[in-house]
Amino acid sequence: MLTQTRVHLQTLVFLISVVHLSRPVCVDVPSATGAVLGKSMKLTCISCMKRDEIKAKTLVDWYYMPTKEKDIPPEKIHIYKYDVDSPVESDGPYKGRLTWNGSRDLQDLSIEIKNVTYNDSGVYECHVYREFEFDFFTPSISITKDIKLRVKAKATGDPAALYSQIMMYVLLVFLTGWLLVEMVYCYRKISKSDEQAQDTAY
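By convention here, each chain's residues receive numbers from 1 onward along its written sequence. Residues qualify for local features only when their pLDDT is at least 70, as the model is predicted, and side-chain atom pairs are given and counted only at 80 or more; totals for whole chains, interfaces and linings, by contrast, use all residues. Neither water nor hydrogens contribute to the side-chain values; these are computed over all heavy atoms in the structure.

Asker: How should the side chain of Asp120 be read in this particular structure?
Answerer: We count a stretch as a helix when DSSP gives it H or I for four or more residues in a row; a strand needs E for two or more, and each element gets its number in order from the N terminus. Along the chain, the position of Asp120 falls in the loop between β7 (111–113) and β8 (122–132). Counted as a polar contact is a pair of N or O atoms within 3.5 Å, where, for protein atoms, one must be capable of donating a hydrogen and the other of accepting one, and residues adjacent in sequence contribute only when both atoms are in side chains. Engagement of the side chain of Asp120 in a polar contact is seen with the side chain of Arg97, the distance being 2.9 Å. Should any heavy atoms of two residues lie within 4.5 Å, those residues are considered in contact. When residues no more than four places from it in sequence are discounted, the contact partners of Asp120 are Tyr64, Tyr94, Arg97, Ile113, Asn115, Leu149 and Val151.

Following this line, the structure appears as structure tokens:
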């Protein structure tokens, strides 16, 4: 009886830990690229972290360029910075029109443009710098993502955004189903081992 109770407690702890680890589901989806004149627009920048990368110092810089072509140095304008849990807007045409739209775990590093104008069309760069905290060394990585934004007078369907949403929901459903299958499999395996142990004892 004591063995069976211990096994059930271990199973419960395992299931709770699996559910806990599955909470921060991160899906790397591309940003929408069509903005509507006078409306707000979210520039999506997602940089998913692995389980062993959760403890990391994250710095984010956003840049704007009217155009970006090969073999031509771009004219970058620094428009936004997220440093040490503090978002900072840069002086310039975007001052007062940018807000942080990311997540607390800093996997979603998005910003939002308010009152979009035609001058906002162009290329936006999301620079992500992570410095990992380990015992004896501090490795780092740097990621850059481009978003080509086009401002339109009226809203139209964005196939890329629709496809991204569909893929995100499909992936979430798949992960949920996989988690349930793993939980049932582990529970049955532990229960079977407990039954075999009881049979051996008798």
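Asker: Please clarify how the sheet that holds strand β5 (residues 87–89) should be interpreted in this entry.
Answerer: Adjacent strands of a sheet form backbone hydrogen bonds with each other and so pair up, either parallel or antiparallel. If DSSP finds at least two bridges between two strands, the strands pair. Taking strand neighbours across the sheet as the criterion, the six strands line up as β1-β9-β8-β3-β4-β5 in an open arrangement whose pairing is mixed. Each end of this open sheet is capped by a strand with a single partner; those strands are β1 (34–36) and β5. Neighbour-to-neighbour, the strand axes of the sheet open up by a mean angle of 25 degrees, direction not taken into account. For strand β3 (residues 56–65) and β8, the ladder comprises ten bridges, and the chain directions are antiparallel. Counterpart to Leu59 in the pairing with β8 is Tyr129. Think of each axis as a best-fit line through the C-alpha atoms, taken over the contacting stretch in the case of a helix, with angles from 0 to 180 degrees between the N-to-C directions.

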